[in-house]
Amino acid sequence: MIMFHDFFEKYKKAWIIIGVLLILSPLFGVYLADLVGYHEPLDIVAEKLGLEEKTGFYETPFADYTVPNLPDWLGYIISGIIGVLFILAIGLLIRAYYRWKKSE
Amino acid sequence: MVLHLHIPDGYLDPIIALVAYLMMILYGIFVLRRGEALNEEKITEMTVIAAGIFVAQMLNWPIPGGTSLHFVGGALAAILYGLKGAFIIMFLVLLVQAVVFHDGGITTLGANVLNMGIIAPVVGYYIYKLITTKTNIENKEFIGAFLGGWFSITLAGIACGIELGLSTQFLYGLSVSVPVMAIGHFLLGIVEGIITALVIKYLRKEGE
């Protein structure tokens with residue numbers, strides 16, 4: 001597993017830090033937010049102005065870092081993992097492109 | 001009203017959104033062609049940094065009164081990987097945030113990349129470079145990274161204010177949106193500066 005070595009073993013420390021941040025993230029994104037009654041600032045402005053946030057062209061099941069049927073704190077962590085996996089997947093594609101270009 | 005930097009769909013009118021997309025594409029073509037060639041190892045490292053910045057952005061510190069504070073990372077990415085690397089890293093982060101989580105819009109992705117993937121890195125990069133190469137102060141790496149991080153957010157905030165102020169879909173005009181965003185992000189940017197400086201200090205020490 002060359003890929004596993006390249007992406008994980010070599011950057012073990014970075015992944016440990018990322019893991020710790022992920023576990024801590026609901027403290028900020030969910031707990032503290034509830035504590036101060038936080039809403040997205042732009043949402044508040046929108047409400048005042050009578051604007052409606054257009055959700056775009058499709059619905060994503062993970063809107064605002066939630067996962068359907070999961071409590072917010074867990075959804076937040078799982079969302080974080082999903083986001084990291086997407087970034088890794090795109091990174092792998094870019095890497096494959098550079099490998100292919102080198103072999104040309 | 002102090003807003004954070006991820007502009008959702010529906011806040012920019014089609015013209016502003018389109019102009020921002022064009023600027024992103026033109027800058028992207030320009031920056032990807034110059035500088036050091038990328039290789040597989042660099043891409044791997046940048047992917048790990050992008051994952052780290054994505055997760056760091058989730059540590060959203062809400063501030064009573066309707067704003068929030070989180071690390072952005074544009075200056076950090078630029079100090080570590082130059083403008084080309086920073087563009088790729090921030091584009092990756094912003095793309096996944098917009099497409100998977102609707103954190104920042106799809107139509108406004110161009111504007112968000114312009115603010116956080118172009119303006120923030122350019123400002124952070126040149127301030128850091130200026131201070132580390134042209135001055136002889138003590139701890140110049142730390143101070144350069146601090147000021148780079150700080151002003152990267154201030155300028156990104158001003159740019160965001162201009163885009164919102166110009167948009168006919170946003171009812172506040174430039175005279176409100178720009179000063180509010182500028183002052184807000186001048187203050188919020190201090191934290192960005194501190195985090196950027198600490199991370200640079202840590203990584204440079206690790207690298208020794």
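Anything mentioned here points back to the structure above.
Parameters and conventions
- Residues numbered from 1 in each chain as written.
- Chains lettered and ligands numbered in written order.
- Predicted model: local features only at pLDDT ≥ 70, side-chain atom pairs only at ≥ 80, totals over all residues.
- Heavy atoms only, no water.
- Helix = DSSP H or I, 4+ residues; strand = E, 2+ residues; numbered from the N terminus.
- Buried < 20%, exposed > 50% of the residue type's maximum accessible area, 1.4 Å probe, protein only.
- Contact = heavy atoms within 4.5 Å.
- Areas by Shrake-Rupley, 256 points an atom, 1.4 Å probe, with all protein chains shown as cover.
- Phe/Tyr/Trp six-rings, centres within 6.5 Å; stacked < 30°, edge-to-face > 60°.
- Axes fitted to C-alpha atoms, helices over the stretch in contact; angles between N-to-C directions.
- Parallel < 35°, antiparallel > 145°, perpendicular 65-115°, else oblique.
- Left-handed = near helix turned anticlockwise from the far one by under 90°.
- Nonpolar A, V, L, I, M, F, W, Y, C, P; charged D, E, K, R; others polar.
- Expected span 1.5 Å × (residues − 1).
- Arc of directions from axis to C-beta.

Asks: In this structure, what is going on with the overall build of chain A? I would like to understand it.
Replies: Of regular secondary structure, chain A possesses four helices and zero strands. Counting helices and strands in the order they occur from the N terminus, chain A gives α-α-α-α. Expressed as a percentage of the 104 residues in chain A, the buried residues total 33%. In chain A, of all internal contacts separated by at least 6 residues, the share reaching a separation of at least 24 is 58%. Approximately 6800 Å² of chain A is accessible, and the part contributed by carbon and sulfur atoms is 67%.

Asks: Would you explain the packing of aromatic side chains in this entry?
Replies: Both the distance between ring centres and the angle between the ring planes are used here to describe each pair of aromatic rings. Residue and element names in this part refer to chain A. Evaluation of the coordinates by the stated rule reveals 16 aromatic pairs over all chains. Both rings, one in Tyr97 and one in Trp100, keep their centres 6.0 Å apart while their planes meet at 40°; by these two values the pair is tilted. Taken as a pair, Tyr97 and Trp100 lie in helix H4 (residues 72–103) at a separation of three residues, close to a single helical turn. Among the residues examined, Tyr97 registers a relative accessible area of 40% and is labelled partly exposed. Judged by its relative accessible area of 48%, Trp100 falls in the partly exposed class.

Asks: Please explain the packing of helix H3 (residues 74–101) of chain B against helix H4 (residues 109–134) of chain B as it appears in this structure.
Replies: For any two helices packed against each other, the geometry comes down to the angle between their axes and how far apart the axes lie. Residue and element names in this part refer to chain B. One way to put it is that H3 packs onto H4 with a least axis distance of 9 Å and a crossing angle of 165°. What the angle tells us is that H3 and H4 run roughly antiparallel. Here H3 and H4 pass one another in a crossing that is right-handed. Partitioned by chemical class, the residues of the contact of H3 with H4 number 21 nonpolar, five polar and no charged.

Asks: Before we go on, may I ask you to explain the side chain of Asn112 of chain B in this structure?
Replies: Residue and element names in this part refer to chain B. Checked against the element boundaries, Asn112 lands in helix H4. Judged by its relative accessible area of 2%, Asn112 falls in the buried class. The contact partners of Asn112, leaving out residues within four places of it in the chain, are Leu5, His6, Ile7, Leu94, Gly104, Gly105 and Gly117.

Asks: Looking at this structure, how should I read helix H1 (residues 14–33) of chain B?
Replies: Note on helix geometry: an α-helix contains 3.6 residues per turn, so any two residues three or four positions apart are oriented the same way. Residues and elements named next belong to chain B. For H1, which comprises 20 residues, the first-to-last C-alpha distance of 29 Å matches the rise-based estimate of 28 Å (1.5 Å per residue) to within 8%. Within the sequence span of H1, burial applies to Ile16, Ala17, Ala20, Met24, Tyr27, Gly28 and Val31. In a view along the axis of H1, the buried residues occupy a sector of 110°, so they form one face of it. The exposed residues of H1 that point more than 90 degrees off its buried face are Pro14, Ile15, Leu18, Leu26, Phe30 and Arg33. On its buried side, H1 packs onto H3, H4 and helix H5 (140–166). Just beyond H1, the residue with positive phi is Gly35, at close to 75°.

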